[in-house]
Amino acid sequence: MSSWFKRKDKGIQTPTEEKKDVPKGLWYKTPSGKVIDTEELKQNYYVSPEDGYHVRIGSAEYFEILFDENKFEEFDENMVSKDPLKFSDSKKYTDRLKQAYEKTNLKDAVRTAVGKSFGKDLVIAAMDFSFIGGSMGSVVGEKIARAIDYSIKNKIPFLMISKSGGARMMEAAISLMQLVKTSAKLAQLAEVNIPYISLCTDPTTGGTTASYAMLGDINIAEPNALVAFAGPRVVKDTTGKELPPGFQRSEFVLEHGFLDKIIERKNLKNQVNLYIDLIQNLPIRK
């Protein structure tokens, strides 16, 4: 064999610090296969410029988009769930919560805050899907209820950003009671004529859709978000019928009268504040 194919030094080792690996998370691939630089993605409101795909984001990113200079005061940030039912499935609920705290650095599936948006106070409740699928338990219901109380007391418009798999079954009936609790609080908000904007993001399903997500003075959604009570697979299995294309996506839901408008993320701050000004019959802020 030619010496060209013989390795001169055996067991060559490259020191770790000299390896030229691409840093993790530098690129993001959308479901349609488009690849985008993560920094560019962030600058574009976490929307792929190639295909308009809205990447799932959490409360931190929504607060950054909506609050002026990302300045806000958070409510009840250390509120955590108890385990009154001593629930266990494949693992104990307490262990599941502990795992979620460590993985997400969040205390539960919603964060609530007040800050300025275009110079005017706005209360926002934003859900985090990364925390046990954005499921709605006692903490979610209580934090939303307290945020609405703050809105009522201080006469500040309220924005709810939903992103949820539905009620948190580890809290069973206690979880389902949050549908009633949040709906009752929103009725109190309506009685004193304070605007409530509901934004449905991908996915907004189950008990969330059956309560606060569909009760806004204005119900809006991001493009191509799943907005449903039961998901398409369950509906298909139950009815035994083929579903129409785009079934339960926000465009389909808008067409069937359950939403008022679909808004791209880059226009979100403008549109939310425009609706608030129009509802309150105030001069439109630019």
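Residues numbered from 1 in each chain as written. Predicted model: local features only at pLDDT ≥ 70, side-chain atom pairs only at ≥ 80, totals over all residues. Heavy atoms only, no water.

K.L.:
Could you give an account of the packing of helix α4 (residues 138-154) against helix α5 (residues 172-191), with specific residues and numbers?
P.N.:
Where α4 meets α5, the closest approach of the two axes is 8 Å, and the angle between their N-to-C directions is 10 degrees. Looking at the two axes, α4 sits roughly parallel to α5. Residues S138, G141, E142, I144, A145, I148, D149, S151 and I152 of α4 form the contact with α5, whose participating residues are I174, Q178, K181, T182, K185, L186, Q188 and L189. Residues of the contact of α4 with α5, tallied by class, amount to seven nonpolar, six polar and four charged. (Axes fitted to C-alpha atoms, helices over the stretch in contact; angles between N-to-C directions. Helix = DSSP H or I, 4+ residues; strand = E, 2+ residues; numbered from the N terminus. Parallel < 35°, antiparallel > 145°, perpendicular 65-115°, else oblique. Contact = heavy atoms within 4.5 Å. Nonpolar A, V, L, I, M, F, W, Y, C, P; charged D, E, K, R; others polar.)

K.L.:
Which residues make up the packing of aromatic side chains, and what values go with them?
P.N.:
Considering all chains together, one arrives at seven aromatic pairs under this definition. Measuring from ring centre to ring centre gives 5.5 Å for F158 and Y196, while their planes differ by 35 degrees; the resulting arrangement is tilted. Of this pair, F158 sits in strand β6 (residues 158-164) while Y196 is found in strand β7 (residues 196-204), placing the two residues 38 residues apart along the sequence. Across the pair, Y196 and F158 agree in class, each one buried. Taking the centre distance of 5.3 Å and the plane angle of 70 degrees together, the rings of F247 and F252 count as edge-to-face. Residue classification places F252 among the buried residues on the basis of a relative accessible area of 19%. (Phe/Tyr/Trp six-rings, centres within 6.5 Å; stacked < 30°, edge-to-face > 60°. Buried < 20%, exposed > 50% of the residue type's maximum accessible area, 1.4 Å probe, protein only.)

K.L.:
Quick one: what's the story with the nonpolar core, residue by residue and with numbers?
P.N.:
V140, I144, F158, M160 and Y212 are the most contacted members of the largest nonpolar core, which totals 27 residues. If you list the elements that add at least two residues to this core, you get α3 (93-104), β4 (110-117), β5 (120-127), α4, β6 and α5. Top element by residues in this core is α4. It accounts for four residues. Ignoring sequence-local partners within four residues, the contact set of V140 consists of D108, A109, V110, M127, S135 and Y212. (Core = buried A, V, L, I, M, F, W, Y, C linked by side-chain atoms within 4.5 Å.)

Everything listed here is a matter of geometry and, on its own, says nothing about what the molecule does.
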